[in-house]
Amino acid sequence: MEKLAKVIWKLILILLIVVGVLFVVYFWNLDQKLMGWAYKQVNAMFDRKKVDLVF
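Residues numbered from 1 in each chain as written. Predicted model: local features only at pLDDT ≥ 70, side-chain atom pairs only at ≥ 80, totals over all residues. Heavy atoms only, no water.

### Digging into helix H1 (residues 2-27)
Part 1 of the argument: Spanning 26 residues, H1 covers 37 Å between terminal C-alpha atoms, matching the ideal 38 Å at 1.5 Å per step.
Part 2 of the argument: In terms of burial, H1 is a largely surface element, zero of the 26 residues being buried.
Part 3 of the argument: Directly beyond the C-terminal end of H1, a positive phi value near 55° is found at Asn-29. (Helix = DSSP H or I, 4+ residues; strand = E, 2+ residues; numbered from the N terminus. Expected span 1.5 Å × (residues − 1). Buried < 20%, exposed > 50% of the residue type's maximum accessible area, 1.4 Å probe, protein only.)

Have a look at this one:
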């Protein structure tokens, strides 16, 4: 019975941590900030690339 209680406690703790992380990401809109940063990095890479002009 004690082992079952430990497993349940660990499961509840993990779920609380996951919910807490998701709340922080949602509250501070971190997903949009991360995607904005990623778009800037990708655009910086491809803006430097020379374009072959074929006529």
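### Digging into a nonpolar patch on the surface
Part 1 of the argument: There is a patch of nonpolar side chains on the surface, built from Met-1, Leu-4, Ile-8, Trp-9, Ile-12, Leu-13, Leu-16, Ile-17 and Val-21 and spanning about 980 Å² of accessible area.
Part 2 of the argument: Structurally, Leu-13 can be placed in helix H1. (Patch = residues over 30% accessible without salt bridge, like charges linked within 9 Å, V, L, I, M, F, W, Y side chains within 5 Å. Areas by Shrake-Rupley, 256 points an atom, 1.4 Å probe, with all protein chains shown as cover. Salt bridge = Lys/Arg side-chain N within 4 Å of Asp/Glu carboxyl O.)

### Looking at the packing of aromatic side chains
Part 1 of the argument: According to the stated counting rule, one finds two aromatic pairs in the structure shown.
Part 2 of the argument: Consider the rings of Phe-23 and Phe-27, whose centres lie 5.6 Å apart with planes at 20°: the pair is stacked. Residue Phe-23 and its partner Phe-27 are located together in helix H1, separated by four residues, close to a single helical turn.
Part 3 of the argument: Geometrically, the ring pair formed by Phe-27 and Trp-28 is edge-to-face, given 5.5 Å between the ring centres and 75° between the ring planes. (Phe/Tyr/Trp six-rings, centres within 6.5 Å; stacked < 30°, edge-to-face > 60°.)

### Focus: unusual backbone geometry
Part 1 of the argument: Of note in this structure, Asn-29 is not a glycine but carries a positive phi near 55°.
Part 2 of the argument: For Asn-29, the position within the fold is in the loop between H1 and helix H2 (30-47).

In short, shape yes, function no, at least from these values alone.
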